[in-house]
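So you can see what is in the structure, the chains are spelled out below.
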Amino acid sequence: MIKAIKGTRDILPPATKVWNFVEEVSRRVLHCYNYQEIRTPIFEETALFARGVGEETDIVSKEMYTWQDRDGSSLTLRPENTAPVIRAFLEHRLDQRPGLQKLFYIGPMFRRERPQKGRYRQFFQIGAEAIGSESPALDAEVIEMVVEILTQSGLQGFQLIINSVGCPQCRPRFVAMLKEKIEQVASQLCADCRRRSVTNPLRVLDCKVPADQPLIETLPSILDHLCQDCRSHFTWVRKFLEDRDIRYQVQGRLVRGLDYYMRTTFEIVHGALGAQNSVVGGGRYDGLAEALGSKVPAPGIGFSIGEDRLVLSLEECRPELARQTLDLLVAPLGESALSHSTLLARELRRQGLCVEIAFDAKLKRALELANKLGARHALIVGDNEIQAGVYALKDMATGQQLNVTRDSLADKILYGKH
RNA sequence: GUGGCUAUAGCUCAGCCGGUAGAGCGCUGGAUUGUGGUUCCAGAUGUCGUGGGUUCGAAUCCCACUAGCCACCCCA
């Protein structure tokens with residue numbers, strides 16, 4: 001048998017209801033903040049990611065699905081969508097449009113990693129990018145918005161972590177100093193840290209090996225070495241968050257894996273997820289447009305929600321979201337009742353009700369089915385009912401049954417529906 | 001890329017020291033000619049992940065492979 005390939009999966013009903021739910025909530029909130037949807041291709045020129053995300057990052061150096069097209073060009077399934085959105089922004093000169101460009105996307109990304117809980121080779125992101133301002137007020141608004149999406153989804157117990165990773169003015173100076181400090185104590189650190197002290201010293205700060213912690217705490221924090229502009233920017237972001245009563249934790253060791261981040265970075269974590277506990281990652285990327293070869297700057301900030309992970313968390317704390325719902329199951333008794341029922345069902349469906357007909361079931365089976373499908377009501381349509389012009393409408397929860405005329409049917413069914 | 005665990009019915013799993021399969025749930029039908037959720041009865045479904053080895057005999061022991069899960073790494 002042919003099966004879905006490693007790291008990909010089928011999302012079946014009723015789980016799809018949870019997916020639709022988070023997408024609906026996201027779209028609603030994004031709309032209120034005046035974000036508009038953008039759809040970019042699922043594959044791009046490889047150079048876009050190499051330059052945008054960074055040649056040395058794990059994503060680019062070992063996780064991309066890259067192949068050579070028939071004309072010899074190198075193409076890649078998108079591993080993330082910020083670089084493609086900025087590419088589209090520049091290509092279509094969206095900087096010429098009035099005001100900030102606020103764009104959002106929902107779609108699959110691809111990274112060839114070893115799958116585990118909350119990590120898949122094809123995974124879905126709900127992301128937003130606000131392009132055209134360096135203002136810390138925008139940072140706070142973006143963070144507020146994603147917190148709003150999670151809250152309105154009903155997610156409980158998530159935690160916001162923020163940091164500033166500096167800018168091309170101050171970060172290189174800090175990294176050089178950090179590297180020097182690490183080298184002094186390198187012999188006492190784990191093998192990974194010794195490797196990282198050369199490839200990416202900032203990552204050493206993020207080491208989780210318990211034995212290394214005491215030493216790591218003695219290392220300097222970037223927050224103490226930001227330049228004047230970055231320091232003030234970060235102070236403002238924090239103030240704006242506090243004005244909104246948004247709880248956050250500053251973690252000087254929060255490092256994002258993508259090269260384009262500068263100044264504000266943030267992450268939202270949730271406990272129900274296992275090791276891959278980050279539901280949202282985001283940050284500011286003021287230099288990205290230039291890195292892609294643009295002469296016009298496009299400072300911006302964005303985030304992406306790991307939709308798979310959000311769904312995973314919600315399935316734990318809101319299991320009711322995945323329950324199937326059916327307004328009415330019609331049970332026709334006999335052939336004449338069947339044709340009558342089909343017309344009746346169409347009428348009710350046109351009024352927006354979710355209706356199923358038990359085509360070939362005896363009444364007993366039909367009611368059993370109504371029960372299994374979670375129908376809120378069952379409607380018995382037999383010769384008696386057709387003649388009398390009143391149907392027997394049964395409330396499946398209470399077992400109460402009452403006679404209802406055709407005209408008042410929809411109202412009776414809708415009554416009490418939340 | 002590295003490590004650990006697992007692989008038996010549609011699902012969750014039992015099957016101890018080797019004697020060629022079982023439970024619960026689900027599904028189908030019945031106990032009622034037009035009344036479900038509880039109960040009772042009956043039924044169907046398995047190359048025991050794949051390949052090899054040990055043995056008179058392997059779901060069970062050994063090896064390899066494959067797949068899944070979890071973790072490292074990294075990230076959404």
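Here, residues in each chain are numbered from 1, in the same order as that chain's written sequence. All chains are assigned letters beginning at A, and all ligands numbers beginning at 1, according to the order in which they are written. Per-residue local features are limited, in this predicted model, to residues with pLDDT of at least 70; the limit for side-chain atom pairs, both in listing and counting, is 80 or more; totals at the level of whole chains, interfaces and linings are taken over all residues. As a convention, hydrogens and water are excluded, and side-chain values are obtained from all of the structure's heavy atoms.

A. Just the sheet that holds strand S10 (residues 278-284), in detail. A pair of strands counts as paired when DSSP detects no fewer than two bridges linking them. Each helix is a run of H or I in the DSSP string that is no shorter than four residues. Each strand is a run of E no shorter than two, and both are numbered from the N terminus. Within the open sheet, the eight strands sit side by side as S1-S5-S6-S11-S10-S9-S7-S8. Their pairing is mixed. The sheet is open, and its two edges are formed by strand S1 (36-37) and strand S8 (249-250), each paired on a single side. Bridge analysis of strand S7 (residues 158-164) against strand S9 (residues 262-270) gives seven bridges, and the strand direction is antiparallel. Within S9, the residue paired with Ser 164 across the bridge is Thr 264.

B. Seen up close, helix H5 (residues 136-153). The length a helix should cover is 1.5 Å for every residue beyond the first. Counted at 1.5 Å a residue, the expected span for H5 with its 18 residues is 26 Å, and the 26 Å between its end C-alpha atoms agrees. The buried label applies to any residue whose accessible area, calculated with a 1.4 Å probe on protein chains only, is under 20% of its type's maximum; exposed applies above 50%, and partly exposed to all values in between. Buried residues dominate H5, accounting for 13 of its 18 residues. We call two N or O atoms a polar contact when they sit within 3.5 Å, provided that within protein one can donate a hydrogen and the other can accept it, with sequence-adjacent residues counted only if both atoms are side-chain atoms. Two or three places before Ala 137, at the start of H5, stands the capping residue Ser 135, its side-chain oxygen 3.0 Å from that residue's backbone nitrogen. Of the residues flanking the end of H5, it is Gly 154, one or two places downstream, whose phi is positive at about 90°.

C. Region of interest: the side chain of Arg 171. Relative to the helices and strands, Arg 171 is located in helix H6 (residues 171-185). Of the polar contacts made by the side chain of Arg 171, one reaches the backbone oxygen of Tyr 261; its length is 3.0 Å. When near neighbours in sequence (up to four residues on either side) are disregarded, Arg 171 contacts Val 165, Leu 202, Ile 222, Asp 259, Tyr 261 and Met 262. Whether two residues touch is decided by their heavy atoms; if any such pair falls within 4.5 Å, the residues are in contact.

D. Broad picture of the packing of H5 against helix H10 (residues 228-243). To define axes, lines are fitted to C-alpha atoms, for helices over the stretch in contact only, and angles between the resulting N-to-C directions are given on a 0 to 180 degree scale. Running from amino to carboxyl end, H5 crosses H10 at an angle of 45°, the nearest separation of the two axes being 8 Å. Here H10 runs oblique to H5, going by the angle between their axes. Helix-helix and strand crossings are classified by hand; for H5 and H10 the assignment is right-handed. Two secondary-structure elements touch here, H5 through Pro 136, Ala 137, Asp 139, Ala 140 and Ile 143 and H10 through His 233, Trp 236, Val 237, Phe 240 and Leu 241. Under the scheme applied, nonpolar residues are Ala, Val, Leu, Ile, Met, Phe, Trp, Tyr, Cys and Pro; charged residues are Asp, Glu, Lys and Arg; polar residues are all the others, including Gly. Partitioned by chemical class, the residues of the contact of H5 with H10 number eight nonpolar, one polar and one charged. Here is the rule for angles: anything less than 35 degrees is roughly parallel, anything more than 145 is roughly antiparallel, 65 through 115 is roughly perpendicular, and the remaining ranges are oblique. Two helices crossing with the near one rotated counterclockwise from the far one by less than a right angle form a left-handed crossing, whereas a clockwise rotation gives a right-handed crossing.

E. View of helix H1 (residues 15-32). In this model, H1 (18 residues) spans 27 Å end to end at C-alpha, consistent with the 26 Å of a helix rising 1.5 Å per residue. Among all positions of H1, only Val 18, Trp 19, Phe 21, Val 22, Val 25, Ser 26, Val 29 and Leu 30 are buried. One side of H1 holds all its buried residues, which, seen down the axis, span an arc of 160°. In H1, those exposed residues whose orientation departs by more than 90 degrees from the buried face are Glu 24 and His 31. In the segment just after H1, Asn 34 is the residue with positive phi, at about 70°. The reported arc concerns the directions from the helix axis to the C-beta atoms and nothing else.

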